[in-house]
Amino acid sequence: EWEAGTDEDAEEYVPGVPLVRLPRPEAAAGGSPLAALGEGMRRGARGLAGFRPDVVHVCKACPSLFYLLRAGSPRPPVLFNLHGAHVAPLADPHTLGGQVVRSADWIVACSRATLEHLCDLAPEIRPRASVVYNGVPAPDAPPRAPPVAAPRPVCRVRPPQADGLD
């Protein structure tokens with residue numbers, strides 16, 4: 001799993017999941033955005049080399065995809081999952097999203113209409129695209145009301161001066 005983060009705890013291992021935090025150039029506090037990009041590219045390349053995933057599942061076009069596009073080779077196969085109907089930015093080959101869509105090994109959309117809209121704007125992806133409908137079949141019986149029970153707290157946040165989350 002990759003997520004944008006700070007220089008602190010750049011790499012961490014949660015049982016079963018290597019986590020690589022990539023710097024966000026726009027958040028380079030007093031530092032150089034170009035230096036942050038370079039560091040992100042190094043971390044991304046190290047993360048991919050050490051992890052070697054079978055596939056990278058991209059579910060939105062976000063700034064951290066820059067590192068995936070620039071990670072070098074061998075690049076793992078990329079599956080781009082298109083969830084919404086706002087596809088016009090993905091059609092522009094000059095945007096990060098447009099580059100990811102065009103370089104993805106496979107693109108899936110949540111509906112035929114969404115897929116057709118993107119294929120109309122970027123016809124070259126059609127041979128590598130399909131629909132995977134989201135959702136589950138409707139239940140056979142109407143839903144029952146949830147049981148009424150006393151609320152049970154699951155999380156408590158202390159004031160900032162106490163510095164904590166329980």
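As a reminder, the structure under discussion sits directly above these lines.
For the structure given in this document, a descriptive report is provided here. Sequence positions are assigned chain by chain, starting from 1 and proceeding in written order. Totals for whole chains, interfaces and linings use all residues, but because this is a predicted model, local features are given only for residues with pLDDT of at least 70 and pairs of side-chain atoms are given and counted only at 80 or more. Think of the side-chain values as coming from all heavy atoms in the structure, minus any hydrogens and water.

Criterion for a salt bridge: a side-chain nitrogen of Lys or Arg within 4 Å of a carboxyl oxygen of Asp or Glu. One pass over the structure, following the stated rule, counts four salt bridges. Ionic pairing is found between Arg112 and Glu116, a salt bridge with its closest N-O pair at 3.8 Å. Of this pair, Arg112 and Glu116 both sit in helix α5 (residues 112–121), four residues apart, which is roughly one turn of the helix. We call a residue buried when its accessible area falls under 20% of the maximum for its residue type, exposed when it is over 50%, and partly exposed in between, using a 1.4 Å probe and counting protein chains only. Glu116 gets classed as partly exposed once you look at its relative accessible area, which sits at 27%. A salt bridge links Asp120 to Arg126, with the shortest nitrogen-to-oxygen separation between them at 3.9 Å. Residue Asp120 is classed as exposed on the basis of its relative accessible area, which comes to 58%. The partly exposed category is assigned to Arg126, whose relative accessible area is 37%. One salt-bridge network, held together by shared partners, links Arg112, Glu116, Asp120 and Arg126. Under the DSSP-based scheme used, a helix requires at least four consecutive residues in state H or I and a strand at least two consecutive residues in state E, with every element numbered from the N terminus.

Another aspect to go through is the side chain of Asn81. In this fold, Asn81 is placed in strand β5 (residues 78–82). Classification of Asn81 as buried rests on a relative accessible area of 14%. Pairs of N or O atoms are called polar contacts if they sit within 3.5 Å, as long as, within protein, a hydrogen donor faces a hydrogen acceptor (for residues adjacent in sequence, only side-chain-to-side-chain pairs). At 3.3 Å, the side chain of Asn81 and the side chain of His57 are in polar contact. Here Asn81 is in contact with His57, Val58, Cys59 and Val108, once residues within four sequence places are set aside. For this analysis, residues touch if any pair of their heavy atoms sits within 4.5 Å.

If you look at the biggest cluster of nonpolar residues, it comprises 22 residues, and the most contacted ones within it are Val58, Phe80, Ile107 and Leu118. Listing elements by their share of this core, those giving two or more residues are β4 (56–58), α2 (65–69), β5, α4 (96–103), β6 (106–109), α5 and β7 (129–131). Residues within four places of Val58 in sequence aside, it is in contact with Leu65, Leu68, Val78, Leu79, Phe80, Asn81 and Val100. As used in this record, nonpolar core signifies buried Ala, Val, Leu, Ile, Met, Phe, Trp, Tyr and Cys residues forming a set joined through side-chain atoms within 4.5 Å.

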